[in-house]
Amino acid sequence: MKKKILIVLTLCSILTLSIVYARYISSEYSDGRARVVKFGNVSIVEEGRTDNGQYIIEPGEINKKVTVKFDGSETRTTVYVSFICENWQYNNSIRQFSFDYYNDENDNNDLYFTISDGWEYDGEDAANPGTQVFKKSLEPNTVLESVIVEGIMVGEEIPNSKLSIIADKIDLSIKAKVVQDK
């Protein structure tokens, strides 16, 4: 009798363990699936009059156009463009960057350029002081080719003798990245 009870208890234990183990195994192999979302390339294209790859700076407008291109993505994305320009001042009310060589209060537009419409100001990058960030949100499968800078204006009152000095101090870099939205 004791032997039968022991066998029954052993069988019940094995059955209970089998059910628990079976549930564990079945939950490990669920139907949840994932796949990698395709992102296209993002690039910045600069156009303008150059001399051996260097932009010519002279009074008037520098015909420099900066265009952001993105091949698109299968998901909703945001394109971020960063202007790394610690020697430039940004005025969001007129969407304009300016470089004041003389640091005077009378003429704050020795050099300046304006951000094109359609780009939203995202603020200064807290991790990189002097870097201003702009963004544009895109729906899935949207290709972007959008001008962000139309041209750079050089003040008429800057003497030609100072233009080469200014050219060495106007360090300006532009970077772009794309982030998948949640």
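What counts and how
Residues numbered from 1 in each chain as written. Predicted model: local features only at pLDDT ≥ 70, side-chain atom pairs only at ≥ 80, totals over all residues. Heavy atoms only, no water. Pairing = 2+ DSSP bridges. Helix = DSSP H or I, 4+ residues; strand = E, 2+ residues; numbered from the N terminus. Axes fitted to C-alpha atoms, helices over the stretch in contact; angles between N-to-C directions. Phe/Tyr/Trp six-rings, centres within 6.5 Å; stacked < 30°, edge-to-face > 60°. Buried < 20%, exposed > 50% of the residue type's maximum accessible area, 1.4 Å probe, protein only.

(A) Quick peek at the sheet that holds strand β11 (residues 131-138). The strand order across the open sheet built from 4 strands is β10-β11-β6-β13, with neighbouring strands paired in antiparallel fashion. Looking at strand neighbours, the two that pair on one side only are β10 (120-124) and β13 (173-180), the edges of this open sheet. The average angle at which neighbouring strand axes cross in this sheet is 25 degrees, direction not considered. Direction of pairing for strand β6 (residues 77-84) relative to β13: antiparallel, over a ladder of 8 bridges. Looking across to β13, one finds that Y80 is bridged to K177.

(B) Geometry of the packing of aromatic side chains. Tallying each qualifying case throughout the model produces 11 aromatic pairs. A centroid spacing of 5.7 Å and a plane angle of 90 degrees characterise the contact between F83 and F134, whose relative ring orientation is edge-to-face. Residue F83 is found in strand β6, and its partner F134 is found in strand β11; the two are separated by 51 residues along the sequence. On the accessibility criterion, F83 (0% relative accessible area) is buried. Ring geometry for Y90 against F134: centres 5.4 Å apart, planes inclined by 85 degrees, an arrangement best described as edge-to-face. Of this pair, Y90 sits in strand β7 (residues 89-91) while F134 is found in strand β11, placing the two residues 44 residues apart along the sequence.

(C) Broad picture of unusual backbone geometry. Its identity as a non-glycine residue notwithstanding, R95 has a phi of 55 degrees, on the positive side. Take R95: it is sitting in the loop between β7 and β8 (96-99). We classify R95 as buried; its relative accessible area is 18%. Look at N141: it is not a glycine, yet its phi comes out positive at around 60 degrees. Position of N141 relative to the elements: it lies in the loop between β11 and β12 (144-154). You can call N141 exposed: its relative accessible area is 61%.

(D) Structural context of the environment of T75. Here T75 lies in the loop between β5 (65-70) and β6. For T75 and K38, which are 37 residues apart along the polypeptide, the C-alpha to C-alpha distance reads 8.3 Å.

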